[in-house]
Amino acid sequence: MSVKNEPSFRESVDLMFNRAVGLMDLPPGLEQKIRVCNATYTVRFGVRLRGSIHTFTGYRSVHSEHMEPVKGGIRYALGVNQDEVEALAALMTYKCALVEAPFGGSKGGLCIDPRQYDEHELEQITRRFAYELAKRDLIDPSQNVPAPDMGTGEREMAWIADQYARMNTTDINARACVTGKPLNAGGISGRVEATGRGVQYALQEFFRDIRDVDKAGLKGKLDGKRIVVQGLGNVGYHAAKFLAEEDGAQIVGIIERDGALVSDTSMDVDAVRNWIMEHGGVKGYPDATYVENGASVLEADCDILIPAALEGVINLTNADKIKAPLIIEAANGPVTAGADEILRNKGTVIIPDMYANAGGVTVSYFEWVKNLSHIRFGRMQRRQEEARHQLVIDELQRLDDYLGDAWSMSPNFKQKYLKGAGELELVRSGLDDTMRIAYQSMRERWHEEEKVTDLRIAAYLVSIEKVAASYRAKGL
Ligand code: GLU
């Protein structure tokens, strides 16, 4: 979405980057080297469909190769263009650096409305696109590893993985050429929910420090906080669901393509999602009030706003009307540089995209490592850990018997303690740890350095320093 008088998405990212490097002391020229996109490949290819040849335009942009492979999703949407993939690729560089996923940044896109094609057609289109990228090493386990993004998911990733494997029949690491695959095609448990889960962990960490909560003018914990979410796609759905079900937050607004739903009490996120699946939109959903002008609900009175759809939705036209004191950017680039300034001046706290939605690439990293190690997480140690836990339980049981009525193990303790961690538990624990540590690295700068006025600047500083250090270490 672009608004008159407002820079493009890529320019907006560059402006935010410039604000941060203005506070840094980088060697001459390094700033520009980091900021610019290294290369963007445009491909136009034909696919024979419905009796004629259809031409599609796709992109894969590589922003920074200070670490390889480079990483980032592939988006299917009509609005995909070079400026957008370059902005998204840049965000991937900063995101990976911030959460210490050892990748450079990349992003791809195909100009297509996937809803206009059936499954077989989408497979043909995806395989052809994957072929074009793979033959130029723009899909490759050690060079460039795509993942899902808007309009793509496990299904597309499985086609891409298979296409790559057909073209590289002796590559033992072929499965690591793409992440976000279904479990039976080399995926990892918890990848689908990962970005939404990461948003939840990010908010949990935010609410752990009263100074941060204070800065947003909020009080207490996540429990009972009124949330408006824009976009009930993969990211928005999981974030809203987990926050409501596990943290006691109230989902009081849901904005979708065809309008919005508002309610005084928390909505049932699964019921709304099922309604959308069945009816193609939120209109008519019986247990909430329908608002035709969905975007107006961004301005609703709430505690936390979660834009989880497109870029540029909070811009110069509506920034001053946003009432939420806390915004968490689950989407990439939902707040333009101009809107960011307005909101900053108002005191709105923004948890920035490059951190907030980094859960996806974090779990992608785990999947890539799993593929390269050719073994499921926990396979070697799980039973051994269980056996050691059993020793402790046996000793406690002896004590329990000996002490009689005076003491006994708490109910369920045995069961809980004995249960070894499976892949999903390990993925969640790795993701939680990653989100906490990355947040803490921003928080420290935010509270301790006067020039660091907001979390976005903190995020940029932490990540640019890491990218710069890696350039310094290896040379250009
Ligand atoms: N497309 C997601 C993002 O924007 C995931 C990227 C990945 O897993 O490589 O972060």
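Fair warning: this is a prediction, and the values are worked out from it, not measured in the lab. (Residues numbered from 1 in each chain as written. Predicted model: local features only at pLDDT ≥ 70, side-chain atom pairs only at ≥ 80, totals over all residues. Heavy atoms only, no water.)

Q: Just checking my understanding: could you explain the packing of aromatic side chains for this structure?
A: Both the distance between ring centres and the angle between the ring planes are used here to describe each pair of aromatic rings. Tallied over the entire structure, the rule returns 13 aromatic pairs. Three or more aromatic residues link up through ring pairs in this structure, and these residues are Phe45, Phe56, Tyr117 and Phe129. A cation sits over an aromatic face here: Arg197 above Phe242, 3.6 Å from the ring centre. Directly above the ring of Tyr237 sits Arg273, whose terminal nitrogen or CZ lies 4.2 Å from the centroid. (Phe/Tyr/Trp six-rings, centres within 6.5 Å; stacked < 30°, edge-to-face > 60°. Lys NZ or Arg CZ within 6 Å of the ring centre and 35° of its normal.)

Q: In this structure, what is going on with empty space enclosed by the protein? I would like to understand it.
A: The gaps left among the atoms become clear once a water-sized probe is rolled over them. Using the criterion set out here, one finds two cavities of 30 Å³ or more in the structure. Of the voids in this model, the largest cavity is the one considered here, and its volume is about 40 Å³. Surrounding the largest cavity, Asp340, Arg344, Thr348, Ile350, Asp454, Leu455 and Arg456 form its lining. Contributing to the lining of the second largest cavity are Ile74, Tyr76, Thr126, Phe129, Ala130, Leu133, Ile139 and Ile160. Elements with a contribution of two residues or more to the lining of the second largest cavity: strand E4 (74–77) and helix H4 (119–134). Here the lining of the second largest cavity takes four residues from H4, the largest share from any one element. (1 Å grid on protein atoms, 1.4 Å probe; cavity = no way out; pocket = protein on both sides within 12 Å on 5 of 7 lines; lining within 4 Å. Points joined across faces, edges and corners; volume = space filled by probe spheres on them. Helix = DSSP H or I, 4+ residues; strand = E, 2+ residues; numbered from the N terminus.)

Q: Is there a simple way to think about the site of the ligand in this case?
A: Among the 14 residues in the neighbourhood of the ligand, the closest are listed as Lys71, Lys95, Lys107, Asp149 and Ser364. At 2.8 Å from an oxygen atom of the ligand is found a side-chain nitrogen or oxygen belonging to Lys107. Arg191 places a side-chain nitrogen or oxygen 3.1 Å from an oxygen atom of the ligand. Considering the ligand on its own, with 290 Å² of exposed area, one finds that the protein chains cover 94% of that surface. Those elements giving two or more residues to the shell around the ligand turn out to be helix H3 (82–98) and helix H12 (359–373). Per-element tally for the shell around the ligand: the top contributor is H12, with three residues. A breakdown of the residues in the shell around the ligand according to their chemical character gives four nonpolar, five polar and five charged. (Near = heavy atom within 4 Å. Polar contact = N/O pair within 3.5 Å; in protein donor to acceptor, adjacent residues only side chain to side chain. Areas by Shrake-Rupley, 256 points an atom, 1.4 Å probe, with all protein chains shown as cover. Nonpolar A, V, L, I, M, F, W, Y, C, P; charged D, E, K, R; others polar.)

Q: Sorry if this is basic, but what is going on with a nonpolar patch on the surface here?
A: On the surface, a cluster of nonpolar side chains totalling about 420 Å² of accessible area is made up of Leu399, Tyr402, Leu403 and Trp407. The topology assignment puts Leu403 in helix H13 (residues 382–403). You can call Leu403 partly exposed: its relative accessible area is 33%. (Patch = residues over 30% accessible without salt bridge, like charges linked within 9 Å, V, L, I, M, F, W, Y side chains within 5 Å. Salt bridge = Lys/Arg side-chain N within 4 Å of Asp/Glu carboxyl O. Buried < 20%, exposed > 50% of the residue type's maximum accessible area, 1.4 Å probe, protein only.)

Q: Would you explain the packing of helix H1 (residues 9–21) against helix H10 (residues 337–346) in this entry?
A: Helix packing geometry: the angle between the two helix axes and the distance between the axes. Where H1 meets H10, the axes come as close as 8 Å, and the angle between the chain directions of the two elements is 50°. What the angle tells us is that H1 and H10 run oblique. Residues Ser12, Leu15, Met16 and Arg19 of H1 form the contact with H10, whose participating residues are Ala337, Asp340 and Arg344. Taken together, the residues of the contact of H1 with H10 sort by class into three nonpolar, one polar and three charged. (Axes fitted to C-alpha atoms, helices over the stretch in contact; angles between N-to-C directions. Parallel < 35°, antiparallel > 145°, perpendicular 65-115°, else oblique. Contact = heavy atoms within 4.5 Å.)

Q: How should I be thinking about the nonpolar core in this particular structure?
A: Within soluble globular proteins, side chains that are nonpolar generally end up buried alongside one another. With 91 residues, the main nonpolar core has Leu326 and Tyr460 as its most contacted residues. Apart from the residues within four sequence positions on either side, Tyr460 is in contact with Val13, Met16, Phe17, Ala20, Leu91, Tyr94 and Met354. Core analysis: the second largest hydrophobic core is formed by 29 residues, Tyr41, Leu49, Leu133 and Ile160 among them. (Core = buried A, V, L, I, M, F, W, Y, C linked by side-chain atoms within 4.5 Å.)

Q: Honestly, the side chain of Glu311 in this entry has me stumped. Any pointers?
A: Relative to the helices and strands, Glu311 is located in the loop between strand E11 (304–307) and strand E12 (326–328). Side-chain polar atoms of Glu311 contact the side chain of Arg75, separated by 3.1 Å.

Q: I would appreciate a short explanation of the packing of H4 against helix H5 (residues 154–167) in the present structure.
A: For the pair H4 and H5, the least separation of the axes is 9 Å and the interaxial angle reads 50°. Taken as axis vectors, H4 and H5 run oblique relative to one another. H4 and H5 meet at a crossing whose hand is right-handed. The residues of H5 that touch H4, namely those facing Glu119, Leu122, Glu123, Thr126, Arg127, Ala130, Tyr131 and Ala134, are Arg155, Glu156, Trp159, Ile160, Asp162, Gln163, Tyr164, Arg166 and Met167. Partitioning the contact of H4 with H5 into residue classes produces eight nonpolar, two polar and seven charged. (Left-handed = near helix turned anticlockwise from the far one by under 90°.)

Q: Looking at this model, I keep getting lost on the sheet that holds strand E13 (residues 349–351). Mind explaining?
A: Two pairing modes exist for strands in a sheet, parallel and antiparallel, and in both the strands are linked by backbone hydrogen bonds. Pairing in this open sheet of seven strands is mixed, and the strands run E10-E9-E8-E7-E11-E12-E13 from one edge to the other. Bordering the open sheet on either side are strand E10 (289–291) and E13, each of which pairs with just one other strand. Between one strand axis and the next, the sheet turns through 20° on average, direction left out of account. Against the sheet, helix H6 (residues 194–206) touches E11, E12 and E13, its axis set at about 145° to E12. (Pairing = 2+ DSSP bridges.)

Q: So what exactly am I meant to see when it comes to the environment of Ile304 here?
A: One can find Ile304 in strand E11. Distance in space between the C-alpha atoms of Ile304 and Leu222 is 9.7 Å, their sequence separation being 82 residues. Every residue in contact with Ile304, bar those within four places of it in the chain, is listed here: Leu203, Phe207, Leu222, Lys225, Arg226, Ile227, Val228, Ala324, Leu326 and Ile328.

Q: Explanation requested: the UniProt feature "binding site: NAD(+)" (unreviewed entry) in the protein chain in the structure shown.
A: Cross-referencing UniProt, the feature "binding site: NAD(+)" (unreviewed entry) maps to Thr195 and Asn234 in the present numbering. Taken together, the annotated residues stretch across 40 residues yet fold into one region, lying no more than 8.2 Å apart by C-alpha. In contact with Thr195, other than residues within four places in its own chain, are Val235, Ala356, Asn357, Gly359 and Gly360. Within the secondary structure, Asn234 sits in helix H8 (residues 234–247). With a relative accessible area of 34%, Asn234 lands in the partly exposed category. (UniProt positions renumbered as here; feature names shortened; annotations may be inferred.)

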